[in-house]
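Survey of secondary and tertiary structure
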Amino acid sequence: MHISRLDLNLLVVLDAIFTEDGITAAAAKLNLTQPAVSHALGRLRDVLGDPLFERQGRRLVPTPFARGLIEPVRQSLRGIEIALAEAERFDPATTRRRFTLGIRDVLEARILPALMHRISEVAPFVDLAAIHVDRREVEGELAAGRVDAALDIWLSLPEHIRQRRLMADRFVVVARSGHPRVRGHIDLDTYLSLQHVLVSARTTGPGLEDIELARLGHSRHVRLRCQHYFAGCRVVSQTDMILTMTEHYARITNRPFANQMLPFPIEGPGLDAYLYWHANVENDPANRWLRGMITETMAALPLRDI
DNA sequence: CAGTTCTATGCCGGCCCGAA
DNA sequence: TTCGGGCCGGCATAGAACTG
């Protein structure tokens, strides 16, 4: 008989009948009804071609075949139990594995230094990969396990994608320090009359700030569209164009430049960062550890200076 | 002999999975 | 998406053996 023909759970039933000395008691131990265990024994009898237990009066007595089988079966079940218990333990100090985070450059620069520092302290053999995941693919990548967790702004995802809010953020407007029309603050009229840099990985389409402006019936002139905020800030430092971006990231990318950072002239859309993971790994010790590292890192980040 | 205890069995509904 | 087959477990109950 090939093992693939055997429902290995039936061996658990066999062990229980042996240990509890009867079908009724075994059923109680397994949280099943007596007929369920009797059916299971019937299937095991079929597949093994031996009665396994025979009735002697009211008791059930194992056949020689069953007696010979029980010890190896018990040892195997114990081995499986031990292996499963091992798999459930996750020891960051010794584990060698690579976690993959779906994360956008804006958050990447903000969290990775502190996160990597924290992970290095407690998990010397854990590697991290931060990759770009299209917003439309977040659910699929998490479901497939190609990404262990994702960080992004609020996304409307199905219930089996779990989420947790990590930190608040808001829009700021970046302009060069000697800008002739911007000093200390910027009002909506000035904002709309100036030329804009838009940073986006996509070739066309509005930014979040454009969507927000359109909602209020406004529009702006995007003169330059580019891929990276660093480049955008550098352009801003040498022109009279302005750039709208999130505050935390603006503080990082504007360090080399003497650019001003000003409040966005309208009430901005929600830019809070969220952590996303799949319900499948909700209780996976390794994934829980990773999520813990991320949330602790975010909570410990200073809000203003980074 | 009636009541109790225990296993076996027929039948049914629910679930899963593969094929159409 | 639907349908059918296979599997599993539960309910009801038959049947056997034991007990007082």
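Residues numbered from 1 in each chain as written. Chains lettered and ligands numbered in written order. Predicted model: local features only at pLDDT ≥ 70, side-chain atom pairs only at ≥ 80, totals over all residues. Heavy atoms only, no water.

Chain A carries the name LysR family transcriptional regulator in an unreviewed UniProt entry, which gives Zavarzinia aquatilis as its organism. Database annotation for chain A, UniProt heading Sequence similarities (unreviewed entry): "Belongs to the LysR transcriptional regulatory family." (UniProt positions renumbered as here; feature names shortened; annotations may be inferred.)

1. Re the protein's contact with DNA strand B
Around DNA strand B sit Gly22, Ile23, Thr24, Gln34, Pro35, Ser38, His39, Arg45, Arg55, Arg58 and Leu60, and those are all the residues in its vicinity. Within 4 Å of the protein, the contacting atoms of DNA strand B are drawn from sugar and phosphate to the extent of 50%. In this structure, a phosphate oxygen belonging to DNA strand B sits 2.7 Å away from a main-chain N or O atom of Ile23. Here a phosphate oxygen of DNA strand B sits 3.0 Å away from a polar atom, N or O, in the side chain of Arg45. Listed by contribution, the elements that provide at least two residues to the surface near DNA strand B are helix H2 (23-30) and helix H3 (34-48). Here the surface near DNA strand B gets 5 residues from one element, more than from any other, and that element is H3. (Near = heavy atom within 4 Å. Polar contact = N/O pair within 3.5 Å; in protein donor to acceptor, adjacent residues only side chain to side chain. Helix = DSSP H or I, 4+ residues; strand = E, 2+ residues; numbered from the N terminus.)

2. What to know about the sheet that holds strand E4 (residues 126-131)
Reading across the sheet, the 5 strands line up as E4-E3-E5-E12-E6 and stay open at both edges, with mixed pairing between neighbours. At either margin of the open sheet sits one strand with a lone partner, and together these are E4 and strand E6 (161-167). Taken pair by pair, the neighbouring strands of this sheet meet at an average axis angle of 25°, ignoring direction. Examined bridge by bridge, strand E3 (residues 97-103) and E4 share 6 bridges and lie parallel to one another. (Pairing = 2+ DSSP bridges. Axes fitted to C-alpha atoms, helices over the stretch in contact; angles between N-to-C directions.)

3. Focus on the protein's contact with DNA strand C
Near DNA strand C, the surroundings consist of Asp7, Leu32, Thr33, Pro35, Ala36, His39, Arg43, Arg55, Gly57 and Arg58. For DNA strand C, the fraction of protein-proximal atoms (within 4 Å) that sit in sugar or phosphate groups is 69%. Take Thr33: an N or O atom from its side chain is 2.8 Å from a phosphate oxygen of DNA strand C. At 2.9 Å, a side-chain N or O of Arg43 approaches a phosphate oxygen of DNA strand C. Counting residues per element, the surface near DNA strand C draws most heavily on H3, which supplies 4 residues. Of the residues belonging to the surface near DNA strand C, the class tally is 3 nonpolar, 3 polar and 4 charged. (Nonpolar A, V, L, I, M, F, W, Y, C, P; charged D, E, K, R; others polar.)

4. Some points on the packing of helix H5 (residues 105-122) against helix H11 (residues 285-300)
Contact geometry of H5 with H11 gives a least axis separation of 9 Å together with a crossing angle of 120°. Relative to H11, H5 is oriented oblique. Handedness of the crossing formed by H5 with H11: right-handed. Contact residues: Leu107, Ile111, Ala114, Leu115, Arg118, Ile119 and Val122 in H5; Trp289, Met293, Ile294, Glu296, Thr297, Met298 and Ala300 in H11. Partitioning the contact of H5 with H11 into residue classes produces 11 nonpolar, 1 polar and 2 charged. (Parallel < 35°, antiparallel > 145°, perpendicular 65-115°, else oblique. Left-handed = near helix turned anticlockwise from the far one by under 90°. Contact = heavy atoms within 4.5 Å.)

5. Regarding the sheet that holds strand E7 (residues 171-175)
If you trace the 5 strands from one edge of the open sheet to the other, you get E9-E8-E10-E7-E11, paired in mixed fashion. With partners counted over all chains shown, the strands left at the sheet margins are strand E9 (221-226) and strand E11 (260-263), one partner each. With strand direction ignored, the average angle separating the axes of adjacent strands in the sheet is 35°. Where strand E8 (residues 195-199) lies against strand E10 (residues 242-246), 2 bridges are found, and the strand directions are parallel.

6. What to know about the nonpolar core
Ranked by internal contacts, the top residues of the largest apolar core, which has 25 residues, are Ile186, Tyr191, Ile242 and Tyr276. Elements with a minimum of two residues in this core: helix H6 (138-144), E7, helix H7 (188-193) and strand E12 (273-278). Looking at which domains feed residues into this core, each of domain 2 (97-167 + 271-300) and domain 3 (169-270) supplies at least three. Other than its neighbours up to four places away in sequence, Tyr191 contacts Val173, Ile186, His196, Glu209, Leu213, Arg220, Ile242, Thr244, Phe264 and Pro265. Of all hydrophobic cores here, the second largest spans 24 residues; its members include Leu107, Met167, Leu290 and Met298. (Core = buried A, V, L, I, M, F, W, Y, C linked by side-chain atoms within 4.5 Å. Buried < 20%, exposed > 50% of the residue type's maximum accessible area, 1.4 Å probe, protein only. Domains from an automatic or database assignment.)

7. A short note on the packing of aromatic side chains
Tallying each qualifying case throughout the model produces 10 aromatic pairs. Taking the centre distance of 5.9 Å and the plane angle of 35° together, the rings of Phe99 and Trp289 count as tilted. Placement of the pair is Phe99 in strand E3 and Trp289 in helix H11, with a sequence separation of 190 residues. Take Phe99 and Trp289: they sit in the same class, and that class is buried. (Phe/Tyr/Trp six-rings, centres within 6.5 Å; stacked < 30°, edge-to-face > 60°.)

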